[in-house]
Structures are given as C-alpha cells and as structure tokens.
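What follows is the residue order along each chain.
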Amino acid sequence: MSIKISIPQSLIFKGMMRKLWMLLMIGMIAPSFVQAQDYGDDVQLFDGNRPFIGGFLVGLNAAQVDGDNYGGYHRAGLNAGGIVYVNFSPIVGASLELLFSQKGSVGVHNASNGQVGSFFEKYSMKLNYAEAAGMLHYYVSPQLHFNAGASYNALISTQEKFDTYFPYYIDETLYPFKKWSVDGIVGFSYVWRNFIFDARYQYSITPVRLAFYAPEIARNGRNQRNNIFAFRLGYLF
C-alpha cells in the first residue's frame with residue numbers, strides 16, 4: 001500500500017521565494033566584508049575589481065495591457081526591491097532582482113446616453129506581482145550598461161473595475177488572470193558613484209489572461225499581455 005502526499009503549489013512557491021530572498025541578502029551583505037577597504041570617490045563599482053555588488057532599487061512603472069481595448073501607458077505603479085550583481089569580467093555580468101511590481105491599465109471613454117446625456121466611462125485594472133528577474137549585462141564602460149533578460153511574475157492580487165452611469169460589477173472569479181507569467185526585458189543603466197539610474201522595456205512572453213476569460217468591456221479577441229516601461233533609481237554597495 002502506497003501513500004501519496006500532495007504539497008500545495010503555494011507552499012512550494014513561498015519556500016522558493018524565501019530561499020531567493022536569503023540568497024539576495026547574502027549577496028548584498030557579502031561585498032561589505034569582501035571590500036572592507038575605502039576605495040575613494042574616484043573608483044567605479046564596475047571597474048572589474050568587485051565580483052559581487054548588491055543594492056536596492058525603487059521607481060515607477062508606466063503600464064498598459066495589450067488586448068484590453070484601451071491604449072496608452074496610463075497605469076502608474078511601484079517597482080521596488082533588491083538586486084545582486086555577479087561580475088564575470090570587466091565587460092560582462094549578470095544580476096538577480098527580487099521585486100514588488102504594480103502593473104495593469106487605465107482607460108477613459110467619453111460616452112453619451114439619451115437619458116443621462118454625456119458622461120465618462122472609466123476602466124481600471126490593477127495587477128500586483130512578486131517578480132524575480134534574471135539579467136545579463138554588457139558594460140560599455142563602468143558607467144553605462146546595456147541589459148537584457150527575463151522575469152518570472154507571480155500574481156499577488158488583482159482589482160478590476162468599470163465605472164459608468166449605472167452600477168457595473170466585474171466578478172473576478174468569472175474573469176481570472178493567470179497566476180504566473182514570464183516577461184522579456186531590455187534596457188540600459190547609468191551608474192554614478194554608488195547611485196544607479198535604470199530604464200527598461202518589459203513585455204509579456206506568456207499571456208496574463210486568455211481572451212476567453214476577459215470581460216466584454218475589456219476584450220478584443222486577443223490574449224492579454226503586460227506592456228510596461230520602468231524607470232528606477234537605486235543605491236549600490
């Protein structure tokens with residue numbers, strides 16, 4: 001007689017995220033012990049002498065969702081978390097980021113009705129993710145970097161609303177989003193002393209919601225995908 005034990009996927013994901021956070025914290029703390037000497041203001045972090053660099057990032061997502069009948073990067077959201085660099089040579093490195101990232105879309109239409117006249121309709125989609133991004137970096141110089149990679153996004157919470165002249169309720173159990181998605185990322189960074197500015201474009205490789213599950217007001221026959229620009233400032237050590 002055999003007994004099968006099923007472990008919930010949520011517990012597996014939480015365990016994986018705890019291990020990633022532990023790795024991230026070790027990577028950020030280790031450089032302070034390895035590089036215990038004072039380098040001075042004129043020495044660059046990415047001069048090829050430091051194999052590990054850690055830091056924190058915070059910034060803004062300008063987001064939209066392709067496939068929802070609305071256009072424009074009108075959804076503003078937080079993009080924040082930690083980063084660890086591993087430098088393989090003076091010109092090539094990789095990094096791991098663990099982030100909280102807010103995505104989604106906002107759309108406003110001018111409509112009219114014979115009973116109430118002219119009015120505005122507003123659609124809002126909010127998607128909150130825990131995001132793990134793996135990036136490769138080409139260091140043009142210690143200051144200027146070109147970056148490319150991918151991210152795994154685990155959906156934390158959603159909110160979807162449609163405001164019009166009559167009550168309109170969107171039952172989120174009938175229009176579910178994917179619990180996870182994968183994005184492609186390209187961008188660049190500029191480093192000055194311990195500070196970094198990072199800009200990136202990010203697009204869903206896998207859909208965040210299938211067209212079949214989108215409500216009628218946000219459906220155009222295509223699967224829905226996140227489409228964002230992110231701009232972040234950070235401190236590295």
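In this text, all values refer to a predicted model and were calculated from it rather than measured experimentally.

Participant: Describe the overall build of the chain, with residues and values.
Facilitator: The helix and strand tally for the chain stands at one helix and eight strands. Reading the helices (α) and strands (β) of the chain from amino to carboxyl end gives α-β-β-β-β-β-β-β-β. Put simply, the chain has 237 residues, and 43% of those count as buried. As displayed, the chain has an accessible area near 13000 Å², and 64% of this comes from carbon and sulfur atoms.

Participant: Please provide a residue-by-residue account of the side chain of serine 204, values included.
Facilitator: For serine 204, the position within the fold is in strand S7 (residues 195-204). Here serine 204 falls in the buried class, since its relative accessible area comes to 3%. Within polar-contact distance, the side chain of serine 204 engages the backbone nitrogen of asparagine 226 at 2.8 Å. Those residues in contact with serine 204, other than ones at most four positions away along the chain, are Val182, Asp183, Arg225 and Asn226.

Participant: Go over the sheet that holds strand S1 (residues 52-66) with me, naming the residues and quoting the values.
Facilitator: Here we have eight strands rolled up into a closed barrel, ordered S1-S2-S3-S4-S5-S6-S7-S8, and antiparallel in their pairing. Geometrically, the sheet is characterised by an average inter-axis angle of 25° between neighbouring strands, direction not taken into account. Sheet analysis places strand S4 (residues 117-139) next to strand S5 (residues 144-163), joined by 18 bridges and oriented antiparallel. Bridged to tyrosine 138 within S5 is phenylalanine 146.

Participant: Summarise the nonpolar core; cite the residues concerned and give the values.
Facilitator: Of all hydrophobic cores here, the largest spans 13 residues; its most connected members are Tyr123, Met125, Leu127, Phe162 and Ile217. For this core, the elements supplying multiple residues, two or more each, are S4 and S5. It is S4 that provides the largest number of residues to this core, a total of four residues. Sequence-distant contacts of isoleucine 217, defined by excluding residues within four places in its chain, comprise Asp68, Asn69, Tyr70, Tyr123, Phe162, Tyr168 and Ile170. If you look at the next biggest cluster of nonpolar residues, it comprises 10 residues, including Leu45, Ile53, Val191 and Leu236.

Participant: Can you tell me about the environment of serine 89, naming the residues and giving the values?
Facilitator: Assignment of secondary structure puts serine 89 in the loop between strand S2 (75-87) and strand S3 (92-113). With 39 residues separating them along the chain, serine 89 and arginine 50 place their C-alpha atoms 9.5 Å apart.

Participant: Can you lay out the side chain of serine 105 for me, pointing to particular residues and giving the numbers?
Facilitator: By the secondary structure assignment, serine 105 is in strand S3. Each residue touching serine 105, except ones within four places of it in the same chain, is listed here: Gln64, Val65, Asp68, Arg75, Tyr123, Ser124 and Met125.

Participant: Account for the confidence of the model for the chain, naming residues and giving values.
Facilitator: Model confidence for the chain is summarised by a mean pLDDT of 86, while 82% of its residues fall at 70 or above. Confidence drops under a pLDDT of 50 for residues 1-7, and excluding neighbours within four residues, the segment shows one contact in the predicted structure. Counted against residues more than four places away or in other chains, residues 30-42, with its pLDDT under 50, gives nine contacts.

Participant: Please give an account of the environment of aspartate 171 that cites residues and values.
Facilitator: By the element assignment, aspartate 171 lies in the loop between S5 and strand S6 (180-192). Aspartate 171 sits 44 residues away from proline 215 along the chain, and the two C-alpha atoms are 9.2 Å apart.

Participant: Requested: an account of the packing of aromatic side chains, with residues and values cited.
Facilitator: Evaluation of the coordinates by the stated rule reveals 17 aromatic pairs. Judged by centre distance (6.1 Å) and plane angle (15°), the rings of tyrosine 152 and tryptophan 180 are stacked. With tyrosine 152 in strand S5 and tryptophan 180 in strand S6, this residue pair connects regions lying 28 residues apart in the sequence. The partly exposed category is assigned to tyrosine 152, whose relative accessible area is 32%. Relative to phenylalanine 195, the ring of tryptophan 192 has its centre 6.3 Å away and its plane inclined at 20°; by these criteria the two rings are stacked. Judged by relative accessible area, which is 45%, phenylalanine 195 ranks as partly exposed. Taking NZ or CZ as reference, lysine 103 lies 4.9 Å from the ring centre of tyrosine 129, over its face. The ring of phenylalanine 177 carries the charged tip of arginine 209 above its face, separated from the ring centre by 4.0 Å.

Analysis parameters
- Residues numbered from 1 in each chain as written.
- Predicted model: local features only at pLDDT ≥ 70, side-chain atom pairs only at ≥ 80, totals over all residues.
- Heavy atoms only, no water.
- Helix = DSSP H or I, 4+ residues; strand = E, 2+ residues; numbered from the N terminus.
- Buried < 20%, exposed > 50% of the residue type's maximum accessible area, 1.4 Å probe, protein only.
- Areas by Shrake-Rupley, 256 points an atom, 1.4 Å probe, with all protein chains shown as cover.
- Polar contact = N/O pair within 3.5 Å; in protein donor to acceptor, adjacent residues only side chain to side chain.
- Contact = heavy atoms within 4.5 Å.
- Pairing = 2+ DSSP bridges.
- Axes fitted to C-alpha atoms, helices over the stretch in contact; angles between N-to-C directions.
- Core = buried A, V, L, I, M, F, W, Y, C linked by side-chain atoms within 4.5 Å.
- pLDDT = per-residue confidence, 0-100.
- Phe/Tyr/Trp six-rings, centres within 6.5 Å; stacked < 30°, edge-to-face > 60°.
- Lys NZ or Arg CZ within 6 Å of the ring centre and 35° of its normal.

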